[in-house]
Amino acid sequence: MDYTLITGASSGIGRAFAFECARRKSNLVLVARSGQVLDGLARELASAYGIRVEVCTADLSEPDSARRVFSFCRNRSLHIGLLINSAGFGYAGEYADMPPDELESMVQVNMLSLARLIRLFVPSMLGCRKGGIINVASLGGLQGVAFLSLYSATKSFVMTLSEALHEELRGTGVRVVAVCPGYVDTGFHDRSGQDPSQSVMPVYDASRVVRAALRGLKKNRVRVFPVFSDTVLAGLQRCTPRKVVLRLAALLAPHNYSRF
Ligand SMILES: NC(=O)c1ccc[n+]([C@@H]2O[C@H](COP(=O)([O-])OP(=O)(O)OC[C@H]3O[C@@H](n4cnc5c(N)ncnc54)[C@H](OP(=O)(O)O)[C@@H]3O)[C@@H](O)[C@H]2O)c1
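Residues numbered from 1 in each chain as written. Predicted model: local features only at pLDDT ≥ 70, side-chain atom pairs only at ≥ 80, totals over all residues. Heavy atoms only, no water.

In the annotation of an unreviewed UniProt entry, the entry for the protein reads SDR family oxidoreductase, and the organism field reads Prosthecochloris ethylica.

Put into structure tokens, the structure is as follows:
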């Protein structure tokens with residue numbers, strides 16, 4: 001029986017993926033640190049949509065966590081047909097002030113665990129000649145973003161890895177898409193230390209990210225921008241001098257740093 005595995009399912013975009021996939025009658029494996037939140041969500045989705053929902057509580061900042069998530073699925077014979085990597089976080093502020101532990105956790109969650117999960121789950125998808133991977137990247141990954149430096153670098157990694165795998169897996173039946181949201185209304189900004197009221201970007205709902213990503217996967221797109229303004233910004237980014245792009249990216253981010 002096929003399952004969709006969603007990391008970061010306890011809130012924001014990952015939670016919205018869980019609702020939409022449940023509505024489409026997919027069985028789910030929900031992954032995040034907040035076990036109680038996931039348990040409540042699992043009960044709600046299972047009873048509302050008549051699907052099977054498994055909860056795998058995991059801290060993806062721990063180096064061995066991806067392997068443990070994989071073992072959880074293997075021990076229960078859960079075949080993952082769709083892997084959605086949504087777990088992630090940012091840190092807003094001067095790079096020089098960033099706590100070193102935070103730096104390592106971010107690389108682990110946003111990059112290494114994502115890469116390892118794909119590496120672990122893709123062989124069985126290839127064996128079935130069918131599968132999908134949705135990676136939640138960011139508009140911020142199209143270029144470096146001042147005061148979100150490491151975060152933007154981790155999202156560039158997600159985009160590059162997704163693009164490479166999209167091409168590498170062409171013709172195998174396994175599809176890979178990166179979804180690149182701009183500014184979505186979730187707890188992300190508060191958690192990363194940004195002031196949402198400072199945003200000059202249009203703010204939209206997580207459900208728009210989810211619908212765009214699932215549509216993009218169906219159409220076998222390489223990358224997806226959820227709303228028109230994101231598509232426009234991505235297009236402008238390609239034909240604007242790099243120094244101007246970097247300056248604009250810093251200005252568009254919802255920051256409140258005195259030098260800007
Ligand atoms: N919101 C935006 O504007 C925006 C824009 C572009 C891209 N994104 C990306 O979208 C993705 C989802 O973010 P969101 O907006 O939905 O933010 P969110 O509401 O803060 O959700 C983040 C999710 O990641 C999980 N997570 C964080 N650290 C984790 C860890 N160490 N181990 C396991 N799970 C962890 C959280 O679960 P627990 O706390 O329960 O562990 C939570 O479910 C992220 O990759 C983010 O970079 C967001």
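Describing the overall build of the protein
Within the protein one finds nine helices and nine strands. Against the compact-globule benchmark of 18 Å for 260 residues, the protein has a radius of gyration of 18 Å, which places it among compact chains. Each principal axis of the C-alpha atoms in the protein carries an extent, and together these give about 55 × 40 × 30 Å. Out of the 260 residues belonging to the protein, those deemed buried represent 51%. Across the protein, contacts joining residues at least 24 apart in sequence account for 70% of those joining residues at least 6 apart. Carbon and sulfur atoms provide 52% of the accessible area of the protein, an area that totals close to 12400 Å². A distance of 10 Å separates the average location of the 31 positive side-chain charges in the protein from that of its 21 negative side-chain charges. (Helix = DSSP H or I, 4+ residues; strand = E, 2+ residues; numbered from the N terminus. Rg over C-alpha atoms; globule rule 2.2 N^0.38 Å. Buried < 20%, exposed > 50% of the residue type's maximum accessible area, 1.4 Å probe, protein only. Contact = heavy atoms within 4.5 Å. Areas by Shrake-Rupley, 256 points an atom, 1.4 Å probe, with all protein chains shown as cover. Lys, Arg positive; Asp, Glu negative; His and termini not counted. Charge placed at Lys NZ, Arg CZ, Asp CG, Glu CD.)

A look at the sheet that holds strand β4 (residues 79-85)
Strands sit in the order β3-β2-β1-β4-β5-β6-β9 across an open sheet of seven strands; the sheet is parallel. Edge strands, defined here as strands with exactly one partner in the open sheet, are β3 (53-57) and β9 (223-224). Pairing geometry for strand β1 (residues 2-7) and β4, over six bridges, is parallel. The residue of β4 that forms the bridge with Thr4 is Leu82. Sheet strands touched by helix α1 (residues 12-23): β1, β2 (27-32), β4 and β5 (131-136). Its angle to β1, the strand with the most contacts, is close to 160°. (Pairing = 2+ DSSP bridges. Axes fitted to C-alpha atoms, helices over the stretch in contact; angles between N-to-C directions.)

Remarks on the nonpolar core
Formed by 39 residues in total, the largest nonpolar core has its most connected members in Leu5, Val29, Val69, Cys73, Ile80, Leu83 and Phe121. Of all the secondary-structure elements, those providing two or more residues to this core are β1, β2, α3 (65-75), β4, α4 (100-128), α5 (149-168) and β6 (174-179). Residue contributions to this core peak at seven residues, all from α4. When residues no more than four places from it in sequence are discounted, the contact partners of Cys73 are Leu5, Val29, Leu78, Ile80 and Phe121. (Core = buried A, V, L, I, M, F, W, Y, C linked by side-chain atoms within 4.5 Å.)

Describing the site of the ligand
Taken together, 31 residues sit near the ligand, with Ser11, Arg33, Ser34, Tyr151 and Thr186 positioned nearest. At a separation of 2.6 Å, an oxygen atom of the ligand approaches a polar side-chain atom of Thr186. When the free accessible area of the ligand is taken as 870 Å², the share hidden by the protein chains comes to 97%. Taken together, the elements giving at least two residues each to the shell around the ligand come down to α1, α5, β7 (183-184) and α6 (188-192). (Near = heavy atom within 4 Å. Polar contact = N/O pair within 3.5 Å; in protein donor to acceptor, adjacent residues only side chain to side chain.)

Topic: helix α9 (residues 242-252)
Buried residues of α9: Val245, Ala249 and Ala250, and no others. One side of α9 holds all its buried residues, which, seen down the axis, span an arc of 130°. Contacts made by the buried residues of α9 are with α8 (228-238). (Arc of directions from axis to C-beta.)

Overview of the layout of surface pockets
Reported here for the second largest pocket is a volume of approximately 480 Å³. For the second largest pocket, the lining is made up of 19 residues, of which Gly81, Leu82, Lys130, Gly132 and Leu217 are closest to its centre. With four residues, helix α7 (residues 206-218) is the single largest residue contributor to the lining of the second largest pocket. Residue classes in the lining of the second largest pocket are distributed as six nonpolar, seven polar and six charged. (1 Å grid on protein atoms, 1.4 Å probe; cavity = no way out; pocket = protein on both sides within 12 Å on 5 of 7 lines; lining within 4 Å. Points joined across faces, edges and corners; volume = space filled by probe spheres on them. Nonpolar A, V, L, I, M, F, W, Y, C, P; charged D, E, K, R; others polar.)

With respect to the packing of α4 against α5
Where α4 contacts α5, the two axes come as close as 10 Å, and the packing angle between them is 10°. Classified by the angle between their axes, α4 and α5 sit roughly parallel to one another. Residues Leu103, Met106, Val107, Asn110, Met111, Leu114, Ala115 and Ile118 of α4 touch α5, and the partners they reach there are Leu150, Tyr151, Thr154, Lys155, Phe157, Val158, Leu161 and Leu165. Grouping the constituent residues of the contact of α4 with α5 by class yields 13 nonpolar, two polar and one charged. (Parallel < 35°, antiparallel > 145°, perpendicular 65-115°, else oblique.)

Side note on empty space enclosed by the protein
To find leftover empty space, a probe the size of one water molecule is rolled over the atoms. Taken as a whole and judged by the stated rule, the model has two cavities of 30 Å³ or more. In this structure, the largest cavity is lined by Thr7, Leu60, Asn85, Ser86, Ala87, Val109, Ser113, Leu114 and Leu117. Residue composition of the lining of the largest cavity, by class: five nonpolar, four polar and no charged. The space that makes up the second largest cavity amounts to roughly 30 Å³. What lines the second largest cavity is simply Tyr91, Gly93, Tyr95, Met98, Leu148, Ser149, Leu150 and Tyr151. Per-class residue counts for the lining of the second largest cavity are six nonpolar, two polar and no charged.

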